[in-house]
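The primary structure of each chain is shown beneath.
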Amino acid sequence: MYPGPEDKVFMSDFPARYAPGWPGIPPRWTSSAKTGAGTALNQHSKVWFTLSHGILNEVYFPRVDQACTRDMGFIVTNGRDFFSEEKRHCTFENRPFEPGIPAYELTNTCNSGRYRIHKEVLTDPYRNVVLQKVRFEPLQGQLSDYHLYAVLSPHLANCGYGNTGWIGDYKGFPMFFAERDGATLSLASSTPWKKMSVGFVGASDGWQDLSQHFQMVWEHTRAENGNIAFTGELDLAACNGEFVLALGFGSIWTEAGQQTRSTLFEDYTETRRHYVSQWSNWQTKLLKLDEPLRQSDLYRASTAVLRTHESKDFLGGIIASLSIPWGFNKGDEDLGGYHLVWPRDLVETAGALLAAGAVTDAVRVLRYLEATQEAAGNWAQNLWLDGRPYWSGIQMDETAFPILLLDLLRREAPEALGKLDRWWPMVRNAVSFILRNGPVTQQDRWEEEAGYSPFTLAAEISALLAAADIADLTGHGEQAPTMRDTADAWNDNIERWVYATGGDLAQQLGIAGYYVRIAPPVTDGAASPTQGFVPIKNHPPGQDGERAYHIISPDALALVRFGLRAPDDPRILNTLRAIDALLSVELPQGPCWYRYNGDGYGEHKDGSAYDGTGIGRAWPLLAGERAHYALAAGHRDEAEALLTVIENSTAGQSRLLSEQVWDAADIPALELFRGKPTGSACPLVWAHSEYVKLRRSIRDGKVFDQPPQTVKRYLVDKHVRQIFGWRFNNKTRTVPRNKTLRIALLTPARVHWSIDGWTTAHDTDTRDTGLGIYTLNLPTASLPVGGQAVFTFFWPAENRWEGTNYTVTVENG
């Protein structure tokens, strides 16, 4: 496919012409509103691409968490007085080759009706190369009336600054090259380059040249250590307007050059056939949850999104999104974007793969989680694919979720797991972390506040019960009672911790009470947790605090999703009224919901990008969670209606779900349209996972990922707890009548205690549970209301007394 050597000018024959304007303007990433994302479905081709506004956006290599370009598109001129940039001056059509096949046909039509550009975008399934098959179609005049220029902005190794680019050749074939920190790219064409240049963005790049001169005047051959861009004029006459561009990658420039040249020697049609067939083979093995096909069906697109985001080196590692939220407003300071692994999102994705019948893929995720578990038993808040933590928060639900995934796999596909004993060390370490650090969480699932979260509590309690079953099945039954006792104690305290009664909001809504979004941890001088203050992130100083009982969230529906509370529980129904009164918004496609009232994670009122503060917008995945609640409540029609809401929350033909959708009047200049994606992450793998699980749940007529242990224990058997817990991160001041007070400590201690006002005193050593906590039961069940247990601790390892007495009073339970 490549032109012969006689068509080439070897740039190595001339002295370098250095571009002026170092280092270029501060780099920025590009729009997060992706309309496509793809990769070959094998381990050979370690390159991923994204699309937006009709052009190639971030390309990732050699890992799905390492972005290497900002974007690549075309500029069209007539050489005299016409300048048109494809991504700004065209209307776009974007169609996948087939449903669930992430190869795309793009059609970009000039707004002034002069030209149309047709593209096919995919990757070489056997090389680290992104291919674009291009056909330039004049709509006015002849092919010879136009000049077509390719413009590429390298952002190697997740950075816009520090890139070095040059014009060179590989074995006599002219190419663009760029390198930074051991990552290199090359760009070549099947039709000759008429002119080539590399410059610093905003100073000496091709956009500046062409917008001023309408043709390439500058021909710089090298730009070092800055924010750079390539520009090359393509010889349309030599190819009759049809050609292939190959963007290749390697660790050094010769590797990138070899990959690029090798791809261009292959027959494009055959390369495309192999790419499509690999994806088709995988899709045919999935459950046919799309039968009958819905009008705006997202099932195949969603399953493709899940697999597209998986690593090819760290198998089972799936990132949250091939995008950077509000990327056009962010530079090198946002190193990770959303191309990181969040354990919670990862488990949600594995659950969706399992729901779709991709059992092997789901087990691969579990193996990845097994390998990236921290020594303490938890998982990092988010992490690079190799396991390095990115942010340092602790979210207790992210430690619970891998246990729930294992239990789901154990029930749905036990043969795929092999021996269950293999997974016990992972479970045991995770349980130990939960027991030592729960029930409070340092951050809720929205990565913001600390305290008691209904969602986190539901995940922790469910995981403890699932882990107890696994302990029994793997010969560790002696540790199961500690897990079940703790789960029971925490479950019984949910209302004490996160259910607010009375107050102005309840009165305003005409309800007795409701579950709050999160309640701060109880301290020695605090009243009910729901009376405490919650610091609200993403708000300006002075506007970042609110009483817990004023903040509502759909998170409370997790108590039903995880099987802890019945869908018709009056407390749930009350909370549902509060959620719909405060958090529901009616969009063109139907109702959608906010994360919580007062959320600041989203665009500002005027549509400007989130910059640390803003206004939270509606989340399509929350419509999926609400649909799961509806299904649990027996309202299948409502669940299917909400499925349609999700399907109609995509933009145009993209079939990709975003993190948030716009909830205000249209702002066309900012591409914000009511009910359509905002500048938040798109695609959001979690949203597609929720959609796939909802398809399975609707087909089955029940919530696919609901743990059976909680349902049986708390909704069917209505198990009555006997234990009430005390621990240093949850120093209860009261214990219900007829209940035993269990003290749980992180290190061994001798407890000095009395239940008769020190008339008699006892010294008792704590018991090692084998799970990282040391417990002692005090006989408070024998005390009347008003009776008290008083205790303190001697720490033998440090040979010291605690120095403080703690008192717990018996109350009516």
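Residues numbered from 1 in each chain as written. Predicted model: local features only at pLDDT ≥ 70, side-chain atom pairs only at ≥ 80, totals over all residues. Heavy atoms only, no water.

A closer look at the overall build of the chain
Stage number 1. What the chain contains, in helices and strands, is 19 helices and 33 strands.
Stage number 2. By the compact-globule yardstick of 28 Å for 813 residues, the chain fits well, its C-alpha radius of gyration being 30 Å.
Stage number 3. C-alpha atoms of the chain, sized along the principal axes, occupy 105 × 55 × 55 Å.
Stage number 4. A fraction of 69% describes how many contacts in the chain between residues 6 or more apart in sequence connect residues 24 or more apart.
Stage number 5. Of the roughly 28,600 Å² that the chain leaves accessible, carbon and sulfur atoms contribute 51%.
Stage number 6. Side chains of the chain carry 78 positive and 95 negative charges; the gap between the two charge centres is 3 Å. (Helix = DSSP H or I, 4+ residues; strand = E, 2+ residues; numbered from the N terminus. Rg over C-alpha atoms; globule rule 2.2 N^0.38 Å. Contact = heavy atoms within 4.5 Å. Areas by Shrake-Rupley, 256 points an atom, 1.4 Å probe, with all protein chains shown as cover. Lys, Arg positive; Asp, Glu negative; His and termini not counted. Charge placed at Lys NZ, Arg CZ, Asp CG, Glu CD.)

Section: the confidence of the model for the chain
Stage number 1. Per-residue confidence for the chain gives a mean pLDDT of 95, with 98% of residues at or over 70.
Stage number 2. Confidence drops under a pLDDT of 50 for residues 1-12, and excluding neighbours within four residues, the segment shows 33 contacts in the predicted structure. (pLDDT = per-residue confidence, 0-100.)

Focus on helix 19 (residues 708-716)
Stage number 1. Among the residues of helix 19, Gln-709, Thr-710, Arg-713 and Tyr-714 are the ones counted as buried. Considered in projection along helix 19, the buried side chains sweep an arc of 90 degrees and stay on one side of the axis.
Stage number 2. Buried-residue contacts for helix 19 involve helix 8 (396-412), helix 11 (454-473) and helix 12 (480-498). (Buried < 20%, exposed > 50% of the residue type's maximum accessible area, 1.4 Å probe, protein only. Arc of directions from axis to C-beta.)

What about the environment of Cys-592?
Stage number 1. Inspection of the secondary structure assignment puts Cys-592 in strand 23 (residues 590-593).
Stage number 2. Between the C-alpha atoms of Cys-592 and His-339, which are 253 residues apart in sequence, the distance is 26 Å.
Stage number 3. With residues up to four places along the chain from it excluded, the contact list for Cys-592 reads Leu-583, Ser-584, Val-585, Leu-587, Ala-618, Trp-619 and Pro-620.

Some details on the pairing of strand 33 (residues 806-811)
Stage number 1. With burial as the criterion, only one face of strand 33 is covered, namely that bearing Tyr-806, Val-808 and Val-810; the residues Thr-807, Thr-809 and Glu-811 on the opposite face remain uncovered.
Stage number 2. Pairing analysis gives 3 bridges linking strand 25 (residues 734-736) to strand 33, with the strands arranged parallel. Within strand 33, the residue paired with Val-735 across the bridge is Val-810.
Stage number 3. The sheet contact formed by strand 31 (residues 788-795) and strand 33 spans 4 bridges and is antiparallel. Residue Val-790 lies in a different strand from strand 33, and its bridge partner there is Thr-807. (Pairing = 2+ DSSP bridges.)

Points about the packing of aromatic side chains
Stage number 1. Tallied over the entire structure, the rule returns 38 aromatic pairs.
Stage number 2. Ring centres 5.8 Å apart and planes at 90 degrees place the aromatic pair Phe-728 and Tyr-806 in the edge-to-face group. Residue Phe-728 is found in the loop between strand 24 (723-726) and strand 25, and its partner Tyr-806 is found in strand 33; the two are separated by 78 residues along the sequence.
Stage number 3. Here Phe-728 falls in the partly exposed class, since its relative accessible area comes to 32%.
Stage number 4. Residue class for Tyr-806 comes out buried when judged on its relative accessible area of 11%.
Stage number 5. Put simply, the rings of Trp-726, Phe-728, Phe-791, Phe-793, Trp-795 and Tyr-806 touch in pairs and so form one group of aromatic residues.
Stage number 6. Here the basic side chain of Arg-307 rests over the ring of Trp-282, its NZ or CZ set 5.2 Å away from the ring centre.
Stage number 7. Of note, Arg-422 hangs over the ring of Trp-423, and the distance from its end group to the ring centre comes to 4.4 Å. (Phe/Tyr/Trp six-rings, centres within 6.5 Å; stacked < 30°, edge-to-face > 60°. Lys NZ or Arg CZ within 6 Å of the ring centre and 35° of its normal.)

Structural notes on helix 17 (residues 636-647)
Stage number 1. Along its 12 residues, helix 17 runs 17 Å from first to last C-alpha, staying within 8% of the 16 Å computed at 1.5 Å per residue.
Stage number 2. Listed in full, the buried residues belonging to helix 17 are Ala-639, Leu-642, Leu-643, Val-645, Ile-646 and Glu-647.
Stage number 3. Residues of helix 17 that are buried make contact with strand 23, helix 16 (620-632) and helix 18 (685-700). (Expected span 1.5 Å × (residues − 1).)

What to know about the sheet that holds strand 30 (residues 774-778)
Stage number 1. Read across the open sheet, the 4 strands follow the order 24-26-30-29; overall the sheet is mixed. Lying at the two open borders of the sheet, with one neighbouring strand each, are strand 24 and strand 29 (767-768).
Stage number 2. Looking at chain direction, strand 26 (residues 740-745) and strand 30 are connected through 5 bridges and run antiparallel. Residue Arg-742 lies in a different strand from strand 30, and its bridge partner there is Asn-777.
Stage number 3. In this fold helix 12 packs onto strand 24, strand 26 and strand 29, with an angle of close to 80 degrees to the strand it touches most, strand 24. (Axes fitted to C-alpha atoms, helices over the stretch in contact; angles between N-to-C directions.)

Let's talk about the packing of helix 6 (residues 343-355) against helix 18
Stage number 1. Interhelical geometry of helix 6 versus helix 18 gives an angle of 35 degrees and a closest axis separation of 8 Å. Classified by chirality, the crossing of helix 18 by helix 6 is left-handed. Residues Asp-345, Glu-348, Thr-349, Gly-351, Ala-352, Leu-354 and Ala-355 of helix 6 form the contact with helix 18, whose own contacting residues are Val-685, Trp-686, Ser-689, Val-692, Lys-693 and Arg-696.
Stage number 2. Among the residues making up the contact of helix 6 with helix 18, the classes are represented as 6 nonpolar, 3 polar and 4 charged. (Left-handed = near helix turned anticlockwise from the far one by under 90°. Nonpolar A, V, L, I, M, F, W, Y, C, P; charged D, E, K, R; others polar.)

Focus: the pattern of salt bridges
Stage number 1. Tallied over the full model, the rule gives 60 salt bridges.
Stage number 2. Among the ionic pairs, Arg-410 bridges to Asp-407, the shortest N-O distance being 2.7 Å. Linking Arg-410 with Asp-407, this pair stays in helix 8, spanning 3 residues, or about one helical turn.
Stage number 3. Asp-407 sits in the buried class, given a relative accessible area of 0%.
Stage number 4. When the shortest N-O distance is used, the salt bridge between Arg-800 and Glu-798 registers 2.6 Å.
Stage number 5. Look at Arg-800 and you get partly exposed, because its relative accessible area is 34%.
Stage number 6. Connected via shared salt-bridge partners are Asp-444, Glu-448, Glu-449, Arg-517, Arg-595 and Asp-599. (Salt bridge = Lys/Arg side-chain N within 4 Å of Asp/Glu carboxyl O.)

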